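Understanding the architecture of this molecule
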Amino acid sequence: MKEHGWQGLGRGYEFESENWRLIHEFFEEHSIDPEFSCEFYKTGGLNVALTESEVKLFQETTSSLKKECPDLIKGLPFQLWDEHTCSKALNLNQKTTSSFNSDSDSSLSIKGGIFMPNIAQVNPAKLTEIIASKACELGLKIFTNTTANQVSLRDGRTFVHTTEDHVIEVKKAVIYANGAWAPQLVNSLKDIIIPVRGQVFATNPLPPLFPFGVGFNDDYVIQRKSDGRIILGGMRRKSVSGGEIGVLDDSQICTQVSTALHDFLLQFFNVDKLQNETDSCSIKASAPFQIENHWTGIMDFSLDGLPLIGELSPFMFLNDGQRDNCQIGSVKRFISAGYTGHGMSRIFGAGKLIAQLVHEEVSNILPFSPSRFQSRVCSTLL
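Now for a description of the structure that goes with this document. All figures in this text were calculated on a predicted structure; none of them were measured in a lab.

Re the overall build of the protein chain
Helix and strand counts for the protein chain come out as 10 helices and 16 strands. Every one of the 382 residues in the protein chain was classed for burial, and the buried ones make up 44%. For the protein chain, restricting intrachain contacts to residue pairs at least 6 apart in sequence, the fraction spanning at least 24 positions comes to 74%. Of the roughly 19900 Å² of accessible surface on the protein chain, 51% is carried by carbon and sulfur atoms.

Overview of the nonpolar core
With 27 residues, the main nonpolar core has Leu46, Val48, Leu90, Phe216 and Val221 as its most contacted residues. Sorting the residues of this core by element identifies β2 (45-49), α5 (83-90), β11 (213-216), β13 (230-233) and α7 (255-268) as the ones contributing at least two each. Take this core: its biggest share by element is six residues, from α7. Once residues within four sequence positions are removed from consideration, Val48 is found in contact with Glu54, Phe58, Leu90, Ile110, Gly112, Gly113, Val214, Gly215 and Phe216.

Points about the pairing of β2
Taking burial as the measure, the five residues of β2 include four buried ones, the bulk of the element. Relative to strand β4 (residues 112-116), β2 runs antiparallel, the two being bridged by five bridges. Within the sheet, the bridge partner assigned to Gly45 lies in β4 and is Met116.

Some points on the sheet that holds strand β7 (residues 157-162)
The antiparallel open sheet is built from three strands, whose spatial order is β6-β7-β8. Strands with a single pairing partner mark the edges of an open sheet, and in this sheet they are β6 (148-154) and β8 (167-170). Averaged over all adjacent pairs, the angle separating strand axes in this sheet is 25°, with direction ignored. Sheet analysis places β6 next to β7, joined by six bridges and oriented antiparallel. Within β7, the position partnered with Ser152 by the bridge is Phe159.

A look at the side chain of Arg346
Within the fold, Arg346 resides in the loop between β16 (332-337) and α9 (347-358). In this structure Arg346 comes out as buried when scored by relative accessible area, which is 9%. Setting aside its immediate chain neighbours within four residues, Arg346 contacts Phe15, Glu16, Asn19, Gly305, Leu306, Pro307 and Tyr339.

Points about helix α6 (residues 124-137)
Since the α-helix packs 3.6 residues into each turn, any two residues three or four apart lie on the same face. For α6, with 14 residues, the first-to-last C-alpha span of 20 Å sits near the 20 Å given by 1.5 Å per residue. The N-cap of α6, judged by a side-chain oxygen 3.2 Å from the amide nitrogen of Ala125 a few residues on, is Asn123. At the exit of α6 stands Gly139, carrying a positive phi of roughly 105°.

A word on the sheet that holds strand β15 (residues 308-311)
With mixed pairing, the three strands of this open sheet are ordered in space as β9-β16-β15. Only two strands of the sheet have a single partner each, and these edge strands are β9 (173-176) and β15. Strand-to-strand twist across the sheet, computed as the mean angle between neighbouring axes with direction ignored, equals 15°. By the bridge criterion, four bridges tie β9 to β16 in an arrangement that is parallel. If you follow Ile175 over to β16, its bridge partner there is Phe334.

A closer look at α7
Counted at 1.5 Å a residue, the expected span for α7 with its 14 residues is 20 Å, and the 20 Å between its end C-alpha atoms agrees. Among all positions of α7, only Val257, Ser258, Ala260, Leu261, Phe264, Leu265 and Phe268 are buried. The buried side chains of α7 occupy one side of the element, clustering within an arc of 165° when seen end-on. Taken together, the buried residues of α7 touch β10 (193-203), β11, β12 (219-223), β13 and β14 (291-302).

Some thoughts on the environment of Gly310
Within the secondary structure, Gly310 is located in strand β15. Spatially, the C-alpha atom of Gly310 lies 5.4 Å from that of Asn364, the residues being 54 residues apart in sequence. When residues no more than four places from it in sequence are discounted, the contact partners of Gly310 are Arg333, Phe334, Ile335, Ile354, Leu357, Asn364 and Pro370.

Some points on the pattern of salt bridges
Counted according to the given criterion, the structure contains 16 salt bridges. Between Arg21 and Glu25 there is a salt bridge, with its nearest N and O atoms 2.8 Å apart. Residue Arg21 and its partner Glu25 are both found in helix α1 (residues 5-29); the two are separated by four residues, about one turn of the helix. Across the salt bridge formed by Arg236 and Asp218, the nearest N and O atoms sit 3.9 Å from each other.

Section: unusual backbone geometry
You will see that Asn145, though not glycine, has its phi angle at about 50°, which is positive. Residue placement: Asn145 occurs in the loop between α6 and β6. When its relative accessible area of 75% is taken as the criterion, Asn145 is described as exposed. Backbone geometry places Asp155, a non-glycine residue, at a positive phi of 55°. Within the secondary structure, Asp155 sits in the loop between β6 and β7. Taking relative accessible area as the criterion, Asp155 reaches 73% and is therefore assigned exposed.

Parameters at a glance
- Residues numbered from 1 in each chain as written.
- Predicted model: local features only at pLDDT ≥ 70, side-chain atom pairs only at ≥ 80, totals over all residues.
- Heavy atoms only, no water.
- Helix = DSSP H or I, 4+ residues; strand = E, 2+ residues; numbered from the N terminus.
- Buried < 20%, exposed > 50% of the residue type's maximum accessible area, 1.4 Å probe, protein only.
- Contact = heavy atoms within 4.5 Å.
- Areas by Shrake-Rupley, 256 points an atom, 1.4 Å probe, with all protein chains shown as cover.
- Core = buried A, V, L, I, M, F, W, Y, C linked by side-chain atoms within 4.5 Å.
- Pairing = 2+ DSSP bridges.
- Axes fitted to C-alpha atoms, helices over the stretch in contact; angles between N-to-C directions.
- Expected span 1.5 Å × (residues − 1).
- Polar contact = N/O pair within 3.5 Å; in protein donor to acceptor, adjacent residues only side chain to side chain.
- Arc of directions from axis to C-beta.
- Salt bridge = Lys/Arg side-chain N within 4 Å of Asp/Glu carboxyl O.

Okay, structure coming up:
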């Protein structure tokens, strides 16, 4: 808020609303059954408040958005829920203790929340495969298992070099869409795009417990409609490595985070209800679920929480050790990164915006333009 004001915040919500429209347009244009093809279900989502101060913040935010961005709010449905409505909808275990709200053993007490009906769950791998397939039908070439490690200029021509010793000449534009690894190709971004390791697990199929996705601060949980598995992610604050910030290694599981996720899910459940419905499966009440899969992934957090979408200024390349790279001739460079864990809710809109920028149909758009960090980059060169 301090960085961008109400109009900036409103633009972010507007962008997500546009993303919602574009993904449905994509399904319709290509005659795709979203539920069958990629497990896309409109479920809605609830962001809960665990303290009275968070309830007040929700109320003030929604009130100010209605006042400052009235046109946006008309197309952005949401509902403020009180404590009773949240607890009833989630079928919470009333004996739950909060290992995720704080380090104390105080009882979990959801004070309220914001329910957004235009939120869906999706299988991201299946959706990505569909998008890639449709793009290839239009002539796109995708090089899988290929890492770009350098963009260079030689004799006025721009090249992308890969670790497989391939060299690709660029004719029109380079788009850095490599998430947390963007600073490895553009050094000026190293303090602007920060890698953060997230951790997630999936349970065995379970009976229906709650109908939509739920966000608790930086934690989130959904129950997949396709198979009943619960997907839970978060708990980075339990890591001894400082919240998993700056970590690029996704091959390891953090034990502290894993334990916290397990304990949270056990406490979150209405165990009595689950046990009654799973007696025939001989699942013990002390652990009414099994963890079938556990993994980590690297998110690209931006310095101010908003993505970088737009053309990169030549100034961004002055400290990359190759000063000639700031003279890039006719080939322009763009970036689409820094989604801070919200890529799926923005990426269709981001793709459209990048395409328009490359074809010069629009210019950089605040608050997403990377130019907002130009003074910071230049100051580091002094």
